[in-house]
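As a plain string of letters, each chain reads:
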Amino acid sequence: MSFPKNFFWGGSSSSAQVEGGYDCDGKGLTIWDVRPLNPGCCSFHYASDFYHHYKEDIALMGEMGFKMFRFSISWARILPNGEGELNQAGLDFYKNVFHECHKHGIEPLVTIFHFDLPLALQQKYGNWNDCRMGDAYVNYCRILFENFKDDVHYWLTYNEQNMLIYYGAVDMVGGTMKLQNMNDLYNQAHKQLVAQAKAIHLCHELCPNAMIGPAPNITTAYPANNDPINYLAALNNDDLRNNFYLDALVYGHYPASLNHYFEQNGIHIDVQEGDFECMRTCHPDFIGFNCYGNDTVEHCDYYPLDLSELEHGDNRSMSYLQKLSEKPGIVKTVNNDKFLQGEDGHRFDPYCIRVTARRLTDRYHLPLIITENGYGRPDTLETDGTVHDSYRIEHLRETIRQMSIGIDEGAMLIGYCPWSAIDLVSTREGISKRYGFIYVDRDEDDEKAKQAEMKRYRKDSFYWYKKVIASNGNDLD
Ligand code: BG6
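Values in this document were obtained by computation on a predicted structure and should not be read as measured data.

Parameters and conventions
Residues numbered from 1 in each chain as written. Predicted model: local features only at pLDDT ≥ 70, side-chain atom pairs only at ≥ 80, totals over all residues. Heavy atoms only, no water. Helix = DSSP H or I, 4+ residues; strand = E, 2+ residues; numbered from the N terminus. Rg over C-alpha atoms; globule rule 2.2 N^0.38 Å. Buried < 20%, exposed > 50% of the residue type's maximum accessible area, 1.4 Å probe, protein only. Near = heavy atom within 4 Å. Polar contact = N/O pair within 3.5 Å; in protein donor to acceptor, adjacent residues only side chain to side chain. Phe/Tyr/Trp six-rings, centres within 6.5 Å; stacked < 30°, edge-to-face > 60°. Lys NZ or Arg CZ within 6 Å of the ring centre and 35° of its normal. Pairing = 2+ DSSP bridges. Contact = heavy atoms within 4.5 Å. Axes fitted to C-alpha atoms, helices over the stretch in contact; angles between N-to-C directions. Expected span 1.5 Å × (residues − 1). Bend = angle between axes of the 7 residues up to and from the residue. Core = buried A, V, L, I, M, F, W, Y, C linked by side-chain atoms within 4.5 Å.

## Regarding the overall build of the protein chain
Moving on, step 1. Looking only at helices and strands, the protein chain features 16 helices and 13 strands.
Moving on, step 2. Taking 2.2 N^0.38 as the reference for a compact globule, 477 residues should give roughly 23 Å; the C-alpha atoms of the protein chain span a radius of gyration of 21 Å, in line with that estimate.
Moving on, step 3. For the C-alpha atoms alone, the extent of the protein chain along its principal axes is close to 60 × 50 × 45 Å.
Moving on, step 4. Buried residues in the protein chain amount to 61% of all 477 residues.

The following block contains the structure:
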């Protein structure tokens, strides 16, 4: 077993999904505070109330032995309107969170933007095709770098920018379920990538001791069978889903294989002079990536895609996600019967993290931090305060085993922050779909959550992960 000595064992969360306190102390509204909810699911208003429990939560992470805690800053807590007036209470809150982390020997890994765009920005600018959105992002980054340069040594630019685009033909994250125009979407992607590069330049200038990288959702496509056409589909999938974003970030260009796909879909990216140069010279220090499962794919001929049925569909179903990942002209995802389907609908493939970490190492030669990975499903709080989540332990154990072999094979992994450090609200399935090592006692009822004590309980996985960390990944029993 070969985890490096200073390996960053930890866990992840995001502001909208864990903090609550949606209208506390001057915070502005975000698009997640007003997004339509799936039936029976709680809102993000109270979440796990990390806003009022952060000391206790970070102490529990310290007890587990965390070396790193990944969380995001709520843009609207710092800048209630996304730009303009600063909210001192927001800055103070995160200062206190950083202080608690350091007190417990935990390195904060801070995501600058994890889906919860300030509502005022969306109302003013619509989307990222208005350059003022990217400017607002870079300005927000500057405020963070200036205020937190002594507190934060690891920054993440965006969470899953690639999924906002790749799955973004229907805007699930904004929650509007409105069909989006593909040309518009890819031009937004380009502008986000330029803004990201500007933010990285700025970070290197203002925080010379800090490291900064992205946090896309990266996986590997397996060809459905031994037909070379499906191997090509897998390569194309990798270019569209992963390399489009990471090649731009690391090398300052887009994969040429996508030109045909862009032509077929009427996509013309409006590149301005200096855009690629700005990307090419920004030099990220590491790559963070979320990885939950593989894509298994086959070639698919071109046909005009009709996604209108999705506007009224159930975005929790696997068929919904599968439809969104259909890319006529190059690739389509199919079921992989080698892996069993879990209660969350995903087929658990412990290998994909190893395969993906090796591929990223070969392509980019940069240190890697797994910023998300995990197993979401309901848990039961027993009357004696225990939570027996052996299914989660099994999932993490197999994943960590594969990571360790991957490191032996040369994968440059330096940290593992599974989703999630503590129970939080799922993007589409409320609080009942739980991922954490720490159980938060609340249900889907927002009215009750408003007053709830939200007591914390240590799950079985809490004790197991503590042992894993103490043995630096050697004791997985
Ligand atoms: C990741 C997101 O894609 O998946 C998280 O970055 C999200 O925000 C996680 O919570 C799990 O997905 P879900 O839909 O179960 O919450």
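## Topic: the site of the ligand
Moving on, step 1. Inspection of the region around the ligand gives 14 residues, with Gln 17, Glu 160, Thr 427, Lys 433 and Tyr 435 positioned closest.
Moving on, step 2. One nitrogen or oxygen atom from the side chain of Thr 427 is found 2.4 Å from an oxygen atom belonging to the ligand.
Moving on, step 3. One of the side-chain nitrogen or oxygen atoms of Tyr 435 is found 2.5 Å away from an oxygen atom of the ligand.

## Description of the packing of aromatic side chains
Moving on, step 1. As enumerated under the stated definition, the model contains 43 aromatic pairs in all.
Moving on, step 2. Relative to Tyr 457, the ring of Tyr 439 has its centre 6.5 Å away and its plane inclined at 65°; by these criteria the two rings are edge-to-face. Pair noted here: Tyr 439 is in strand β12 (residues 438–440) and Tyr 457 is in strand β13 (residues 456–458), with a separation of 18 residues, a long-range link. Tyr 457 shares its class with Tyr 439; the two are buried.
Moving on, step 3. Of the aromatic side chains, those joined through ring pairs into one cluster are Phe 50, Tyr 51, Tyr 54, Phe 69, Phe 71, Phe 93, Tyr 94, Phe 98 and Phe 148.
Moving on, step 4. Sitting above the plane of the Trp 32 ring, Arg 35 keeps its charged end 4.7 Å from the centroid.
Moving on, step 5. For Lys 327, the ring lying beneath its charged end belongs to Tyr 166, and the centroid distance is 4.3 Å.

## Focus on the sheet that holds strand β9 (residues 332–333)
Moving on, step 1. Spatially, the three strands line up as an open sheet ordered β6-β8-β9, and their pairing is mixed. Of all strands in the sheet, those with a lone pairing partner are β6 (221–223) and β9, marking the two edges.
Moving on, step 2. Across two bridges, strand β8 (residues 295–298) lies against β9 in antiparallel orientation. Each bridged residue has a counterpart across the sheet, and for Glu 298 the counterpart in β9 is Lys 332.
Moving on, step 3. Of the strands in this sheet, β6 and β8 are in contact with helix α9 (residues 228–251), which crosses β8 at around 125°.

## Section: the sheet that holds strand β4 (residues 154–159)
Moving on, step 1. With parallel pairing, eight strands are arranged side by side in an open sheet as β5-β4-β3-β2-β1-β11-β10-β7. Since the sheet does not close on itself, it has two edges, and those belong to β5 (211–215) and β7 (287–290), each with one partner. If you compare each strand with its neighbour and ignore which way they point, the axes differ by 30° on average.
Moving on, step 2. Where strand β3 (residues 107–111) and β4 come together, three bridges link them in parallel fashion.

## Some thoughts on α9
Moving on, step 1. Between its terminal C-alpha atoms α9 stretches only 28 Å, short of the 34 Å expected from 24 residues at 1.5 Å a residue.
Moving on, step 2. Maximal helix bending in α9 amounts to about 60°, located at Asn 243.
Moving on, step 3. Taken across its 24 residues, α9 has 18 buried, putting it largely inside the fold.
Moving on, step 4. Capping of α9 at its N-terminal end is provided by Asp 227; its side-chain oxygen lies 3.0 Å from the backbone amide nitrogen of Ile 229.
Moving on, step 5. Just downstream of α9 lies Gly 252, where phi reads positive at about 75°.

## Quick look at the nonpolar core
Moving on, step 1. Counting residues in each nonpolar core, the largest one holds 146 residues, and the members touching the most others are Tyr 137, Phe 145, Trp 155, Phe 244, Ile 400 and Tyr 465.
Moving on, step 2. The greatest single-element share of this core, amounting to 12 residues, is contributed by helix α8 (residues 182–206).
Moving on, step 3. Ignoring sequence-local partners within four residues, the contact set of Phe 145 consists of Ile 112, Trp 155, Ala 199, Leu 202, Cys 203, Leu 206, Cys 207 and Ile 212.
Moving on, step 4. Among the nonpolar cores identified, the runner-up in size contains nine residues, and Leu 109, Leu 156, Phe 286 and Ile 369 belong to it.

## Describing the environment of Asn 225
Moving on, step 1. Of note, Asn 225 is situated in the loop between β6 and α9.
Moving on, step 2. Counting along the chain gives 72 residues from Asn 225 to Val 297, while the straight-line C-alpha distance between them is 8.8 Å.
Moving on, step 3. For Asn 225, the side chain forms a polar contact with the side chain of Asn 230, separated by 2.8 Å.

## Some words on helix α2 (residues 50–64)
Moving on, step 1. For α2, spanning 15 residues, the distance from its first C-alpha to its last is only 17 Å, which falls clearly below the expected 21 Å at 1.5 Å a residue.
Moving on, step 2. Maximal helix bending in α2 amounts to about 40°, located at Glu 56.
Moving on, step 3. Listed as buried for α2 are Phe 50, Tyr 51, His 53, Tyr 54, Asp 57, Ile 58, Leu 60, Met 61 and Met 64.
Moving on, step 4. Of the residues flanking the end of α2, it is Gly 65, one or two places downstream, whose phi is positive at about 95°.

No statement about biological role is implied by the geometric values presented.
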